[in-house]
Amino acid sequence: MYGLTGAFDALWALQKAFDQAARNDYFGVSTTAAGQPPVNLFKDGENTLLTLEIPGVKKEDLSIEVKGNLVRISGQRRLQIPEGASAHRRERSDYRFDRSIRLQHEVDPEQVKAELNDGVLALLLPIKESEKPKSITIN
């Protein structure tokens, strides 16, 4: 039915379609957009803990902004190729990202703590004092 060339063309087209579907998260495996680092959010007492997987990204290539209840994290990974080297296989590449995460509460930007360890960025995002519930005394 198919010649040898036609069969390879059909298989190649099918492989490209699967690759494209995986990049677009067609099957709904992830909550992140294609190319975006995955995020976890945890409640820790009155604080929120946000973790973001960014292997190979250096802290000087990161930007973290907090305003109200919005956290924006952007950065890039730059791969170094040795001078005069030729690539025999290159599966990793330079990479840029820009994520904005809306929280359920406003954050106190003066109290935010950030740590980058083993390719995981951890942000401790304290709730703003004015957002905390206040006890009311009955007279």
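Please read these numbers as outputs of a predicted model, since none were measured by experiment.

## Let's talk about the side chain of D61
Right, on to step 1. Mapped onto the elements, D61 comes out in the loop between β2 (47-53) and β3 (62-67).
Right, on to step 2. At a separation of 3.2 Å, a polar atom in the side chain of D61 contacts the side chain of R78.
Right, on to step 3. Contact partners of D61, with chain neighbours within four places excluded, come to S74, G75, Q76 and R78.

## Structural notes on the sheet that holds strand β1 (residues 39-44)
Right, on to step 1. Within the open sheet, the four strands sit side by side as β1-β2-β7-β6. Their pairing is antiparallel. Unpaired on one side and paired on the other, β1 and β6 (113-117) mark the two borders of the sheet. Pairs of neighbouring strands in the sheet enclose a mean axial angle of 15°, with direction left out of account.
Right, on to step 2. Sheet topology note: the β1/β2 ladder contains six bridges and is antiparallel. Across the sheet, residue K43 finds its bridge partner in β2, namely T48.

## A look at the sheet that holds strand β4 (residues 70-77)
Right, on to step 1. Strand order in the open sheet formed by three strands is β3-β4-β5, and the pairing between neighbours is antiparallel. For this open sheet the edge positions go to β3 and β5 (95-102), each flanked by a neighbour on one side alone. In this sheet, adjacent strand axes meet at a mean angle of 10° when their direction is disregarded.
Right, on to step 2. Bridge count between β3 and β4: six bridges; the pairing is antiparallel. Bridge pairing in β4 places S63 opposite S74.

Cut-offs and rules
- Residues numbered from 1 in each chain as written.
- Predicted model: local features only at pLDDT ≥ 70, side-chain atom pairs only at ≥ 80, totals over all residues.
- Heavy atoms only, no water.
- Helix = DSSP H or I, 4+ residues; strand = E, 2+ residues; numbered from the N terminus.
- Polar contact = N/O pair within 3.5 Å; in protein donor to acceptor, adjacent residues only side chain to side chain.
- Contact = heavy atoms within 4.5 Å.
- Pairing = 2+ DSSP bridges.
- Axes fitted to C-alpha atoms, helices over the stretch in contact; angles between N-to-C directions.

Bear in mind that shape data such as this cannot, by itself, settle questions of function.
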